[in-house]
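Results of the structural survey
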Amino acid sequence: LEHQHTLFRPPHFWLGGCQKCGTTSMYDLLSKHPQIIAPTPKEPGYFALPSPLRSLRARWYVRDVLQLSTICDKGMKRVATFDGTAYYLQWDYSAALALRQAAPWAKLVIILREPITRAMSWLQHMNMKFPLVPNCLRSRSMDCCVRQRWFLRGNHHLGGSLYDAHLQKWLAAGWPLEQFLIIKFE
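Residues numbered from 1 in each chain as written. Predicted model: local features only at pLDDT ≥ 70, side-chain atom pairs only at ≥ 80, totals over all residues. Heavy atoms only, no water.

**Describing the side chain of glutamine 67**
Threshold: Comment: elements are numbered from the N terminus, with helices defined as DSSP H or I runs of at least four residues and strands as E runs of at least two. Residue contacts are defined here by distance: any two heavy atoms, one from each residue, within 4.5 Å place the two residues in contact.
Turning to its location among the elements, glutamine 67 is positioned in the loop between α3 (51-65) and α4 (68-74). In this structure, glutamine 67 is in contact with Ile37, Ala38, Pro39, Thr40 and Val62, ignoring residues within four places of it in sequence.

**Remarks on unusual backbone geometry**
Each neighbour pair has its own omega, and for threonine 40 with proline 41 the value is 0°, a cis peptide bond. For proline 41, the location among the structural elements is in the loop between β2 (36-37) and α3. Even without glycine at this site, lysine 20 takes up a positive phi of about 75°. For lysine 20, the location among the structural elements is in the loop between β1 (13-17) and α2 (23-31). Backbone geometry at glutamine 67 places phi at a positive 60°, although glycine is not the residue there.

**Details of the state of the cysteines**
Covalent bonding between the sulfur atoms of two cysteines is what defines a disulfide. Applicable threshold: Two cysteine sulfur atoms make up a disulfide if the distance between them is within 2.5 Å. Think of it in three bands: residues with accessible area under 20% of the maximum for their type are buried, residues over 50% are exposed, and the middle band is partly exposed, with areas taken using a 1.4 Å probe on protein chains only.
All told, the structure shown has one disulfide when counted by the stated rule. In this model cysteine 136 forms its disulfide with cysteine 145; the gap between the sulfur atoms is 2.1 Å. Between cysteine 136 and cysteine 145, the S-S dihedral sits near -100°, and the bridge is therefore left-handed. Each member of the pair, cysteine 136 as well as cysteine 145, is classed as buried. There is no disulfide at cysteine 18, and the cysteine sulfur nearest it, in cysteine 21, is 4.9 Å away.

Okay, structure coming up:
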């Protein structure tokens, strides 16, 4: 059984980054590769769940998200699958630790983007996606919005672009640097 476990170890990697860094674009590119089984949904959020809920959802995660039957059909040694939950990077230490405990072999593919551009893109995205939620852009220009105090703080605006702080949580959870692949979009 141990030998079989070493042959099949999903997820093979985690695709993450901060919101609006380009993880969806990378997901779309990876999903077109014949040796990649893209997760469904892209962002299952499995490792952000509390441990008791992860235990209840483990079968769903392996069977439906990582698509175990498709992997078996294509040949376990010939394909790879991944978790595309981008927000794990910004999540608290628990997601990094849960993924490390469950899949210490996984590679971490992190997408980063110029911090201010990413934060501005996030603000625009939220304005378009959630028209009923208050947003600075409904009454002010982007130049005015980015000068507001709240834009400089928090986990989503410019504070969400504090990549070093996010990566420190992953290193503290025991992830070695050699398992990271950091890609800068733009």
